[in-house]
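# Understanding the architecture of this molecule
Residue strings, one per chain:
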Amino acid sequence: MSEPERESMEVDVLYVGAGPANLASAYHLVKQVEAHNEAVAAEGGSEIEMPTILVIEKAAEVGDHQLSDAVINPKAIQELMPDFVEQGFPTEHVVTDSQFRLFSRGGSIKSPICPPPFQKNGYHVASLSNVVKWLAAKCEETECIEIYPGFAAAEILTEGERVLGIRTGEMGVAADGSHKPTYQPGMDILARVTVLGEGVRGSVAKQLIDRFDMHGMNPQTYETGIKEIWRVKPEKHVPGRVIHGSLFPEMLGQLNGMWLYDMKDNLVSFGYVTSLASENPNNDPHRDAQFFKTTKFMRDLLEGGELVRYGAKCIPTGGLYAQPKLYCDGAMILGDSASMLNIMKLAGVHMAMKSGMLAAETIIDALEQDDFSSLTLGGYTERFRDSWAYQEHLEGRNFTGSNEIGTPFAMGLNIPLMMITGGRGLIDPIKTHPSYKAMKKIWELPRSLQEPEPFEFDGVLTFSKEHLVGFSGTAHEADQPHHLKVADKEICSGECARDYNNPCEKFCPAAVYEMVENKETGKKELFIHHENCVHCKTCDIADPYQIITWTTPEGGEGPDYSQM
Ligand SMILES: Cc1cc2nc3c(=O)[nH]c(=O)nc-3n(C[C@H](O)[C@H](O)[C@H](O)COP(=O)(O)OP(=O)(O)OC[C@H]3O[C@@H](n4cnc5c(N)ncnc54)[C@H](O)[C@@H]3O)c2cc1C
């Protein structure tokens, strides 16, 4: 088939993804160039020509795909914009009461001392969607940064060992592959440097890391975070509190975690994380989150309230040892895509922003030297190693490894030891495995775990996936090829059904995957409800055969978390 005629454009710096990492980076880049040129005007020297900067974002509007309201360490934003409060950063509350609790069905116990990782006093509670909208507005105010929402990067473009840019996804293709009247081939966006800040399990970053073998020492590992926002009765709304905790005794078998904080307008945001490194093919993050709501503490809190929003997203838990190489000729990787998240604190926003700022400073070097090869872009790694972000990462470097050995080892011994030894603990480094490799075949489990635990959704406090996905605001054109590519569906009907009981039906928190009986053959076949997808990436990670690939759907599609 002949190549369609496609448009192409060139910029100096292309940012893929409008998250905190890339927006902080683009803003810092402009401010640093301006500061450099002002210094040159006063003291002499060579000016740097302001580069052309483009940010593309797959969501219809910047911020729509930002799931998490977040408790944000203000360290990075303070560096980026010291007067961020005066400039209208959308803080809803500043944390004054950090709590750690153990939850059981019948009650909860508050720890008399809040362990250091959960001590968040002074952090800013804000909707991350509003934070990125605000950052995008600040970028646009500079008049040097273009932001194109509704543009999804589908493919990395390379030549030899060098990244040239990206190709956006095609638009207007029907489910049968034919072209609709609205058809547009993907556009090539070529750049001197392509900066990938696509968040967790970035689909283009994944291509790049595989193509140039930029993998970290450990494989990346993941959790799925389920998030709900409820409007609660005014008397139950406690601004300034942040609660982190775990479900007991479930945490002894497999690490789990929850968080809860109060937003404005009587909204309470809470979430629950489930590790994807589970032995059990029936592992179901959505079910876990619903179960968590049946604890007495949550029942009391939510009684009389109403569900406002639901969403899910994966969290990269691998930390420093799973960090990929951060640069290659013509490209850099930032934020969650670069395993920057501090997993001990479940805090990634400040790390993402800091990585963006360090990358921007490196781009200044590249502009000055007119060299975007690894030689100059490698300065990003050096800057990172000299930064507080690296120190934070060092302290948590064996957290995931400790949990892989087992929660009693982690909680009872190694994590406390890590806190005393600056992250070293008893063994350093602890080698880890890809999350999906933990899954056992169904018959290898005790009989009691071979079937999913029954769970009745009451429709008041707990809800089915099908119901909840309606609260994610997600939308995808039905008549298009699935963006969830399953390499071999025969495996689903055959060995996966036999060996793992089709775990995709359980691990997907948005009811995308369903095994449906074919009336003619009597055989169950995989049906993909791609329109439900909330872009959490769980399927790409947890599938035991690694035959599901999450790709970008048409630009502008996906969840709408702007209310979260
Ligand atoms: C449930 C949950 C709770 C969390 N709570 C907190 C918290 O309380 N505090 C905290 O500090 N951190 C928290 N985090 C982590 C934090 O959200 C991330 O670390 C942070 O958002 C990472 O920023 P980023 O810019 O790297 O990526 P993201 O914020 O994920 O942004 C990436 C952007 O890129 C876009 N994109 C992706 N692929 C493409 C593509 N191919 N083409 C175009 N656009 C693309 C996405 O739509 C998105 O807008 C939480 C995360 C989760 C999942």
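Our subject in this report is the structure included herewith. (Residues numbered from 1 in each chain as written. Predicted model: local features only at pLDDT ≥ 70, side-chain atom pairs only at ≥ 80, totals over all residues. Heavy atoms only, no water.)

### As for the overall build of the protein
Short version of the rule: Secondary structure is summarised from DSSP: a helix means a run of H or I of at least four residues, a strand means a run of E of at least two, and numbering begins at the N terminus for each. It is over C-alpha atoms that the radius of gyration is taken, and the globule rule equals 2.2 Å times the number of residues to the power 0.38. Type-normalised accessible area, obtained with a 1.4 Å probe on protein chains alone, sets the label of each residue: buried when under 20%, exposed when over 50%, and partly exposed for intermediate values. Surface exposure here means Shrake-Rupley accessible area, sampled with a 1.4 Å probe, where a residue is shielded only by the protein chains that are shown.
From N to C terminus, the protein includes 17 helices and 24 strands. The C-alpha atoms of the protein give 23 Å as radius of gyration, which agrees with the globular expectation for 564 residues (24 Å, within 12%). Projecting the C-alpha coordinates of the protein onto the three principal axes gives extents of approximately 75 × 60 × 45 Å. Residues classed as buried in the protein amount to 59% of the 564 residues present. Just so you have it, the protein exposes about 22,800 Å², and 51% of that area is on carbon and sulfur atoms.

### A short note on the sheet that holds strand β3 (residues 69-72)
Note the following rule: Here, a strand pair is defined by DSSP locating no fewer than two bridges between the strands.
Read across the sheet, 3 strands follow the order β3-β7-β4 without closing on themselves; strand pairing throughout is antiparallel. The open sheet terminates on both sides in strands that have one partner only, identified here as β3 and β4 (93-94). Of the strand pairs in this sheet, β4 and strand β7 (residues 124-127) are connected by 2 bridges, and their pairing is antiparallel. Pairing of His93 across the sheet is with Val125, part of β7.

### So, the nonpolar core
Here is the rule we go by: Throughout, nonpolar core names a set of buried Ala, Val, Leu, Ile, Met, Phe, Trp, Tyr and Cys residues whose side chains join them through atoms within 4.5 Å. Residues are treated as being in contact if the distance between any of their heavy atoms lies within 4.5 Å.
Among the nonpolar cores identified, the biggest contains 84 residues, and Leu14, Tyr15, Leu23, Leu29, Ile166, Leu208 and Ile363 are the most heavily contacted of them. Among the elements that take part in this core, helix α8 (residues 349-369) stands out by supplying 12 residues, more than any other. Leaving out residues up to four positions away in the same chain, Tyr15 has contacts with Asn22, Ser25, Ala26, Leu29, Ile53, Leu54, Val55, Ile56, Val195 and Ile363. Core analysis: the next-biggest nonpolar cluster, separate from the first, contains 56 residues, Cys504, Cys508, Val512 and Ile528 among them.

### Description of the site of the ligand
Where we set the bar: Throughout this document, a residue counts as near a molecule or strand when at least one of its heavy atoms sits within 4 Å of that molecule or strand. Within 3.5 Å is the distance limit for a polar contact, defined as a pair of N or O atoms, with the added protein rule that one can donate a hydrogen and the other accept it, and that residues adjacent in sequence qualify only through two side-chain atoms.
Contacts to the ligand come from 37 residues, most closely from Glu57, Gln66, Glu198, Lys313 and Asp336. In the environment of the ligand, a nitrogen atom lies 2.9 Å from a nitrogen or oxygen atom belonging to the backbone of Ala153. One of the side-chain nitrogen or oxygen atoms of Asp336 is found 2.7 Å away from an oxygen atom of the ligand. For the ligand, the accessible surface in isolation is 1,000 Å², of which the surrounding protein chains cover 98%.

### Focus on the sheet that holds strand β16 (residues 256-262)
Short version of the rule: The axes are straight lines fitted to the C-alpha atoms, using for helices just the contacting stretch, and the angles between their N-to-C directions are given from 0 to 180°.
With mixed pairing, 7 strands are arranged side by side in an open sheet as β6-β5-β15-β16-β17-β14-β18. Two strands in the sheet have a free side with no partner beyond their single neighbour: β6 (107-110) and β18 (306-316). Neighbouring strand axes in the sheet, compared pairwise and without regard to direction, differ in orientation by 20° on average. Of the strand pairs in this sheet, strand β5 (residues 97-104) and strand β15 (residues 241-247) are connected by 7 bridges, and their pairing is parallel. The residue of β15 that forms the bridge with Ser98 is Val242.

### Some thoughts on the packing of aromatic side chains
For clarity, the cut-off: Here is the rule: rings of Phe, Tyr and Trp (six-membered ring for Trp) pair when centre to centre is within 6.5 Å. Planes less than 30 degrees apart are stacked, more than 60 are edge-to-face, and the remainder are tilted. Charge-over-ring contacts are defined here by two conditions on Lys NZ or Arg CZ: a distance within 6 Å of the ring centre and an angle within 35 degrees of the ring normal.
Across all of its chains, the model carries 11 aromatic pairs by this definition. Three or more aromatic residues joined by ring pairs make a cluster, and in this case those are Phe103, Tyr272, Phe292 and Phe297. Over the ring of Tyr327 we find Lys325; its NZ or CZ atom is 4.8 Å from the centre of that ring. Over the ring of Trp550 we find Lys537; its NZ or CZ atom is 4.5 Å from the centre of that ring.

### Some thoughts on the pattern of salt bridges
Convention followed: Salt bridges are identified by distance alone: a Lys or Arg side-chain nitrogen within 4 Å of an Asp or Glu carboxyl oxygen.
On inspection of all chains with the given rule, the structure shows 25 salt bridges. With a shortest N-O distance of 3.8 Å, Lys465 and Asp284 are connected by a salt bridge. Of the two residues, Lys465 is situated in helix α14 (residues 465-469) and Asp284 in the loop between β17 (267-275) and α6 (285-292); the sequence distance between them amounts to 181 residues. By the burial criterion, Lys465 is buried, and Asp284 matches it. One salt-bridge network, held together by shared partners, links Asp12, Arg192 and Asp370.

### Observations regarding the pairing of β5
When β5 meets β6, the two strands line up antiparallel, connected through 4 bridges. Looking across to β6, one finds that Arg101 is bridged to Lys110. The antiparallel hairpin formed by β5 and β6 contains 2 residues in its connecting segment.

### Description of the layout of surface pockets
Filter applied, for reference: Here a cavity denotes a set of grid points, spaced 1 Å apart and computed over the protein atoms alone, in which a 1.4 Å probe fits but from which it cannot get out, and a pocket denotes an open set meeting protein on both sides within 12 Å along at least five of seven lines; residues with an atom within 4 Å of a point are reported as lining. Grid points are joined across faces, edges and corners, and a volume is the space filled by probe spheres set on the points. Side-chain classes follow a simple rule in which Ala, Val, Leu, Ile, Met, Phe, Trp, Tyr, Cys and Pro form the nonpolar group, Asp, Glu, Lys and Arg form the charged group, and the remainder, Gly included, forms the polar group.
Considering only enclosed or pocket space, the second largest pocket measures out at about 510 Å³ in volume. Lining the second largest pocket are 27 residues, and of these Arg201, Lys206, His215, Gln220 and Tyr222 sit closest to its centre. Broken down by secondary-structure element, the contributors of at least two residues to the lining of the second largest pocket are α4 (203-211), α17 (538-542) and β24 (548-550). For the lining of the second largest pocket, the element with the most residues is α4, which contributes 4 residues. Of the residues contributing to the lining of the second largest pocket, the split by class is 12 nonpolar, 10 polar and 5 charged.

### Examining the packing of helix α1 (residues 20-43) against α8
Filter applied, for reference: Reported orientations rely on four angle classes, namely roughly parallel under 35 degrees, roughly antiparallel over 145, roughly perpendicular from 65 to 115, and oblique for the rest. Put simply, a crossing is left-handed when the front helix is turned counterclockwise from the back one by less than a right angle, and right-handed when it is turned clockwise.
Running from N to C, α1 and α8 cross one another at 40°; their axes reach a closest spacing of 7 Å. On the basis of their axis angle, the class for α1 and α8 is oblique. Seen from above, α1 lies across α8 with right-handed handedness. Tallied by class, the residues present in the contact of α1 with α8 amount to 14 nonpolar, 6 polar and 2 charged.

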